[in-house]
Number of protein chains: 2
Amino acid sequence: MNLDLEKTSSSEHLYLKVYQYYRDLILCGKLLPGTKMPSLRKCSTELNLSRTTVESAYLQLAAEGYIISKPQSGYFVTSIAKAQKASEAEETRQEPKYRFDFASSGVDRESFRFDLWRRYIKSALRQDERLLSYGEPQGESDFRNALCTYIQERRNIHCTPDDIVVGAGVQSLLHILCPLIRDKKSVSFPTPSFIQGSTVFSDYGFQVHYRNKDCGVIYVSPAHMTKWGEIMPVSRRLELIRYASGHDGLIIEDDFENEFVYLQKPTPSLYSLCGGQGVVYIGSFSRLLLPSIRISFMVLPPELKKAYKAKAASYNQTASKAEQIALCQFIRDGHLAAQTRRLKRLYSQKLRQLTDSVYKVFGNSCSVQIGSAGTSIALTLPANLSAQDIKKQAQENLLRLQILKEEEGTVTFLLSCSSMPADDFLPALGILREILCKKPGSSSLI
Amino acid sequence: MNLDLEKTSSSEHLYLKVYQYYRDLILCGKLLPGTKMPSLRKCSTELNLSRTTVESAYLQLAAEGYIISKPQSGYFVTSIAKAQKASEAEETRQEPKYRFDFASSGVDRESFRFDLWRRYIKSALRQDERLLSYGEPQGESDFRNALCTYIQERRNIHCTPDDIVVGAGVQSLLHILCPLIRDKKSVSFPTPSFIQGSTVFSDYGFQVHYRNKDCGVIYVSPAHMTKWGEIMPVSRRLELIRYASGHDGLIIEDDFENEFVYLQKPTPSLYSLCGGQGVVYIGSFSRLLLPSIRISFMVLPPELKKAYKAKAASYNQTASKAEQIALCQFIRDGHLAAQTRRLKRLYSQKLRQLTDSVYKVFGNSCSVQIGSAGTSIALTLPANLSAQDIKKQAQENLLRLQILKEEEGTVTFLLSCSSMPADDFLPALGILREILCKKPGSSSLI
């Protein structure tokens, strides 16, 4: 035992040294949970301290939960230290709390009727019989029926429920799809930003390219060609279909945020333009409902359906059965359509408010890019600070920013309006202006 | 229009021909939903039939929902045909309904307190703030904290919450793990029966072997070495650890059904025997709670944790956030431990009752294999029918059987007791006896 007791000034503090000594042994795991502590007599003899001093230390350790007293047994180390260490480690790793967050992938708290969704989940959870067994590997058939009708009405996609495969998010679908299309060997994404997509393809041995229409697989999000919501015009869609078809390329159409097309009629899906040949259509609900509801689906073209069916039983369904049952009924009762209308209204209004706020705060010195769809705008401003400095100062002022591009004298930000309340736009942009207008060297706090 | 009207005997039946003609066009998709039907006048002129005949046909089509009448517009094709076709297709593919099911992977309806679980889910769904954002890729941190404490108490696994990765089922975990251990190249399973495991490894390019301890990865379920619940004894566990360690092999310990060890104390986990080196520990809740609750987790050894952390953000969490939040609190409030005790009691009792029933029905002519764990027994009986015939006759008598082995003069069945009510054991086994005792050629119905 190595306590530096000589340096301790008074006996009141001796017990603290003993306490700290044992506390540190417990925290670093050298004294494991369940270990019996030395008896008070043994400890005081070894340290040449009074029994009272040692007892004070033990009582302090017990009060803070590091050890526990078992009657007629002694003191034993608890497991609180492990849990405490773990949560401290988590806290240091956690994101700092932001007051204004332009980079959130969350959704507006006004956007979702929790009370309504809760009713549907409760109803699903009352179906004891269904919940006692594993779900269908392909996804619950009533849910696929409802999806089939839904995408026919909204995206003019004509298929059968048997062409639809459900999964807990797009990656779960790719985990089924990639092994089926391994012979395609290469995949092209529009930009490197969709790492969740490129990572999975790369895991399966595909070569990953960008903007290369000669690849075996072309992955596109036609309603989300850029982060500020540019959509792929019909002419380009037809061109892509023609080219892919001539080169035996498979198109994966990820219809992300197609519901939020504001300034024009939504363009036809690639799937419907092809008559369902050579295109895999992927849809999901994380932007329409809640990001925490993990349900996506894909529509397989005939050429892949057969191969899928041969392996279907090997892949367990990842999406929650209760959530599938709830969402099925939610769709049938017309609430998904109503939710889509509400969100479209809400987000188009917020985008307008955000754009207005940007012009109000920055006037003529800014350049704004808005697509026909989506929930974000790209804002380019003159700046004589580096992107890193800007983000750091923003963080100190509890403002979170996402930076798309940094060029000589300008920086381009991506401002997402989906999660931030509209009342926060002006103050948040105000902070950004202050950061960019400040003289270098002055305090970063605004 | 090609109706074979000449062969029609009487005018009462003419309208049926017209009805069938249009119904078939609608069912095969040649008349798409929304298409306007020919007017009564046009149709009767073309077919040279009375208007009444045509109208009768249209009324029949409308009564069955194939077409719908829009006032001042005419008749239009509905989309009912698509839905009908889809559900008919589904029905022909669906499993026939069984009265007695020895092959079910479901759980006993007495085994789960739905009312209790519903309370925890409702509580989770009231956490609006948390549900408005995506979950942590690694799994919710409070849930991982609770898991960490839980596995320490129950399996003596000492790790931190940061070593734990959550996923929607074992395959979701393998989708993260396989790319991390690609350099291992080969994997060994105990038997070919775990196709969900071997399929995923094979998808990632691993060579799949059976019972080959020289493979780069050894996948074992130590509490479920055979389907009738034999467990891997401690000596064998230590031997496996020693061998793998000497050959740089990675062990994946899938602790499936370790909770249902009845006849002895549960043996230490491989992970704890190794001090957490060289072993990935996988646990899941589908047999403890409900198969429809898709939550599993793995504990990564230090050598893999670093590689995982580098890619962690690329993999979206598949498990439902609401279910993670609910299960976290369920564990903290002691209900998982209570549930485990209840199930252990319930299943050990059912196994005893099943075994007693087997001896009662088959007497000395049978051979029964029971492991120390699990929810199934293996029953070998003399048989002069093929396995296929036995299964077919069983199906005709609404009995579902799983056959493990077929040898000269005997057949071995796997009888699972987890889902079937105990009162059904005797009648179900009685049907099996009748099938095996019948003279060949007699009626299959018992």
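The structure this text deals with has already been given above.
What comes next concerns the included structure.

About the criteria used
- Numbers given to residues run from 1 along each chain, matching the order in which its sequence is written.
- To read the labels, note that chains go from A and ligands from 1, taken in the order they are written.
- The predicted nature of this model means local features are confined to residues of pLDDT at least 70 and side-chain atom pairs, given and counted, to a pLDDT of 80 or more, with totals for whole chains, interfaces and linings taken over all residues.
- Note that water and hydrogens are dropped before the side-chain values are worked out from all heavy atoms of the structure.
- Strands here are runs of E lasting at least two residues and helices are runs of H or I lasting at least four, both read from the DSSP assignment and numbered beginning at the N terminus.
- C-alpha atoms define the radius of gyration, and 2.2 Å times the number of residues to the power 0.38 defines the globule rule.
- Partly exposed residues are those whose accessible area sits between 20% and 50% of the maximum for their type, while under 20% is buried and over 50% is exposed, using a 1.4 Å probe and protein chains only.
- Any two residues whose heavy atoms approach within 4.5 Å are treated as being in contact.
- Here the Shrake-Rupley method, with its probe set to 1.4 Å, supplies the accessible areas, and only the displayed protein chains count as covering residues.
- Lys and Arg are tallied as positive, Asp and Glu as negative. Neither His nor the chain termini are counted.
- Charge coordinates come from a single atom per side chain, which is NZ of Lys, CZ of Arg, CG of Asp or CD of Glu.
- Only residues with pLDDT of at least 70 in both copies contribute their C-alpha atoms to the least-squares superposition of the copies.
- Note on aromatic pairs: the rings of Phe, Tyr and Trp (six-membered ring only in Trp) are paired at centre separations within 6.5 Å, and the planes decide the class, stacked below 30 degrees, edge-to-face beyond 60, tilted for the rest.
- Two limits define a charge over a ring: the Lys NZ or Arg CZ must be within 6 Å of the ring centre, and within 35 degrees of the ring normal.
- When DSSP locates at least two bridges between a pair of strands, those strands are taken to pair.
- Angles run from 0 to 180 degrees between N-to-C directions of axes, and those axes are lines fitted to C-alpha atoms, restricted for helices to the stretch in contact.
- Summed over both partners, the accessible area lost on bringing two parts together, with a 1.4 Å probe, is the buried area.
- Salt bridge, as used here, is a side-chain nitrogen of Lys or Arg placed within 4 Å of a carboxyl oxygen of Asp or Glu.
- In the analysis that follows, any N or O atom pair within 3.5 Å is treated as a polar contact, provided that within protein one partner can donate a hydrogen and the other can accept it, and provided that, for residues neighboring in sequence, both atoms belong to side chains.
- Note on residue categories: nonpolar means Ala, Val, Leu, Ile, Met, Phe, Trp, Tyr, Cys or Pro, charged means Asp, Glu, Lys or Arg, and polar means any other residue, Gly included.
- Defined by distance alone, a disulfide is two cysteine sulfur atoms within 2.5 Å.
- Within this scheme a cavity is a closed region of a 1 Å grid, computed over the protein atoms alone, that accommodates a 1.4 Å probe without allowing it to escape, whereas a pocket is open but has protein on both sides within 12 Å along at least five of seven lines; lining residues each have an atom within 4 Å of a point.
- Grid points are joined across faces, edges and corners, and a volume is the space filled by probe spheres set on the points.
- Candidates for patches are residues over 30% relative accessible area with no salt bridge; among them, like charges are joined within 9 Å and nonpolar side chains (Val, Leu, Ile, Met, Phe, Trp, Tyr) within 5 Å.

**Re the overall build of chain A**
What chain A contains, in helices and strands, is 16 helices and 15 strands. Whereas a compact globule of 446 residues would reach a radius of gyration of roughly 22 Å, chain A reaches 29 Å, over 25% beyond that. Along the three orthogonal principal directions, the C-alpha set of chain A runs to about 90 × 65 × 45 Å. Within the span of chain A, comprising 446 residues, buried residues form 53% of the whole. Expressed as a percentage of contacts within chain A between residues at least 6 apart in sequence, the contacts between residues at least 24 apart total 70%. When the accessible surface of chain A is summed, it comes to about 20,300 Å², and 49% of that surface belongs to carbon and sulfur atoms. Here chain A contributes 56 positively and 46 negatively charged side chains, and the mean placements of these two sets differ by 2 Å.

**Describing the relation of the copies chain A and chain B**
For the pair of chain copies, the relating operation is a rotation around an axis with a shift along it. The two copies are related by a screw operation: chain A maps onto chain B through 179° of rotation and 0.1 Å of translation along the axis, at an RMSD of 0.3 Å. Both copies are brought into coincidence by an operation consistent with a two-fold rotation axis. Considering only C-alpha atoms, the residue of chain A closest to the rotation axis is A:Tyr204, which sits at 2.9 Å.

**Describing the environment of A:Ile68**
Residue and element names in this part refer to chain A. Within the fold, Ile68 resides in strand β1 (residues 67–70). Separated by 151 residues in the primary sequence, Ile68 and Tyr219 place their C-alpha atoms 59 Å from one another. Among all residues touching Ile68, those that are not within four sequence positions of it are Gly74, Tyr75, Phe76 and Thr78.

**Quick word on the packing of aromatic side chains**
Per the stated rule, a full pass over the model turns up 29 aromatic pairs over all chains. Look at B:Phe189 and B:Phe194: their rings are 6.1 Å apart centre to centre, the planes differ by 70°, and that puts the pair in the edge-to-face class. Of the residues examined, B:Phe194 reaches a relative accessible area of 28% and is grouped as partly exposed. Grouping aromatic residues by their ring pairs yields a cluster made of A:Phe189, A:Phe194, A:Phe201, A:Phe206 and A:Tyr219. A cation sits over an aromatic face here: A:Lys213 above A:Tyr243, 4.7 Å from the ring centre.

**Quick word on the sheet that holds strand β8 (residues 250–254) of chain A**
In a beta sheet, neighbouring strands pair by backbone hydrogen bonds and run either parallel or antiparallel. All names here are of chain A. The strand order across the open sheet built from seven strands is β4-β10-β9-β8-β7-β5-β6, with neighbouring strands paired in mixed fashion. In the strand order of this sheet, the two ends are held by β4 (164–167) and β6 (207–210), each with one partner. Each neighbouring strand pair of the sheet contributes to a mean axis angle of 20°, computed without reference to strand direction. Helix α7 (residues 141–155) rests against β4, β9 (279–284) and β10 (296–299) of the sheet, and its axis sits at about 110° to β4.

**Observations concerning the interface of chain A and chain B**
With 64 residues of chain A in contact, the opposing surface of chain B contributes 63 residues. The junction of chain A with chain B conceals about 5,400 Å² of combined surface from both sides, 54% of it contributed by carbon and sulfur atoms. Three residues stand out in chain A for area buried against chain B, namely A:Leu132, A:Tyr134 and A:Asp203, and they jointly supply 14% of the buried area on that side. Our enumeration of links across chain A and chain B arrives at six salt bridges. Here A:Arg109 and B:Glu129 are joined by a salt bridge, their closest N and O atoms 2.8 Å apart. Counting across the chain A and chain B interface gives 30 residue pairs in polar contact (both at pLDDT 80 or more). Contributions of two or more residues to the side of chain A that touches chain B are made by α4 (80–93), α5 (114–125), α6 (128–131), α7, α8 (170–180), α9 (195–203) and α13 (321–332) of chain A. It is α5(A) that contributes the most residues to the side of chain A that touches chain B, six residues altogether. Of the residues in the side of chain A that touches chain B, the class split is 21 nonpolar, 23 polar and 20 charged.

**Focus on the sheet that holds strand β5 (residues 186–189) of chain B**
Residues and elements named next belong to chain B. Here we have seven strands laid out as an open sheet, ordered β4-β10-β9-β8-β7-β5-β6, and mixed in their pairing. On the outer flanks of this sheet lie β4 (164–167) and β6 (207–210), each paired with one strand and no other. Across the sheet, the axes of successive neighbouring strands diverge by a mean angle of 20°, strand direction being ignored. Taken together, the four bridges between strand β7 (residues 217–220) and strand β8 (residues 250–254) define a ladder with parallel strand orientation.

**Quick notes on the pattern of salt bridges**
Two side chains carrying opposite charge are able to pair once their charged atoms lie near each other. All names here are of chain A. Applying the stated criterion across every chain yields a total of 38 salt bridges over all chains. The partner of Lys305 in a salt bridge is Asp163, with the nearest N and O atoms 2.9 Å apart. In this pair, Lys305 is assigned in helix α12 (residues 302–311) and Asp163 in the loop between α7 and β4, connecting sequence segments 142 residues apart. Several salt bridges converge on common partners, so that one network encompasses Asp162, Asp163, Lys305 and Lys309.

**Here's the deal with helix α8 (residues 170–180) of chain B**
With eleven of its eleven residues buried, α8(B) lies for the most part within the structure. If you check which residues of α8(B) are buried, you get B:Val170, B:Gln171, B:Ser172, B:Leu173, B:Leu174, B:His175, B:Ile176, B:Leu177, B:Cys178, B:Pro179 and B:Leu180.

**Some thoughts on unusual backbone geometry**
Even without being a glycine, A:Arg211 presents a positive backbone phi close to 50°. Mapped onto the elements of the fold, A:Arg211 is located in the loop between β6 and β7 (217–220). Unlike most non-glycine residues, B:Lys185 shows phi in positive territory, near 65°. Here B:Lys185 shows up in the loop between α8 and β5.

**Points about the state of the cysteines**
All names here are of chain A. On inspection of all chains with the given rule, the structure shows zero disulfides over all chains. Counting only cysteine sulfurs, Cys366 is the nearest neighbor of Cys437, a cysteine outside any disulfide, at a range of 12 Å. Taking the relative accessible area as the measure of exposure, Cys437 reaches 58% and is therefore exposed.

**Observations regarding empty space enclosed by the protein**
Under the counting rule described, the total for this entry stands at eight cavities of 30 Å³ or more. Considered as a void within the structure, the largest cavity measures approximately 220 Å³ in volume. Lining the largest cavity are 23 residues, and of these A:Ser172, A:His175, B:Ser172, B:His175 and B:Thr318 lie nearest its centre. Secondary-structure elements contributing two or more residues to the lining of the largest cavity are β4 and α8 of chain A together with β4 and α8 of chain B. Residues of the lining of the largest cavity, tallied by class, amount to nine nonpolar, 14 polar and no charged.

**Points about a nonpolar patch on the surface**
Residue and element names in this part refer to chain A. On the surface, a cluster of nonpolar side chains totalling about 190 Å² of accessible area is made up of Val234, Leu238 and Leu273. Position of Leu238 among the secondary structure elements: in helix α10 (residues 234–246). When its relative accessible area of 36% is taken as the criterion, Leu238 is described as partly exposed.

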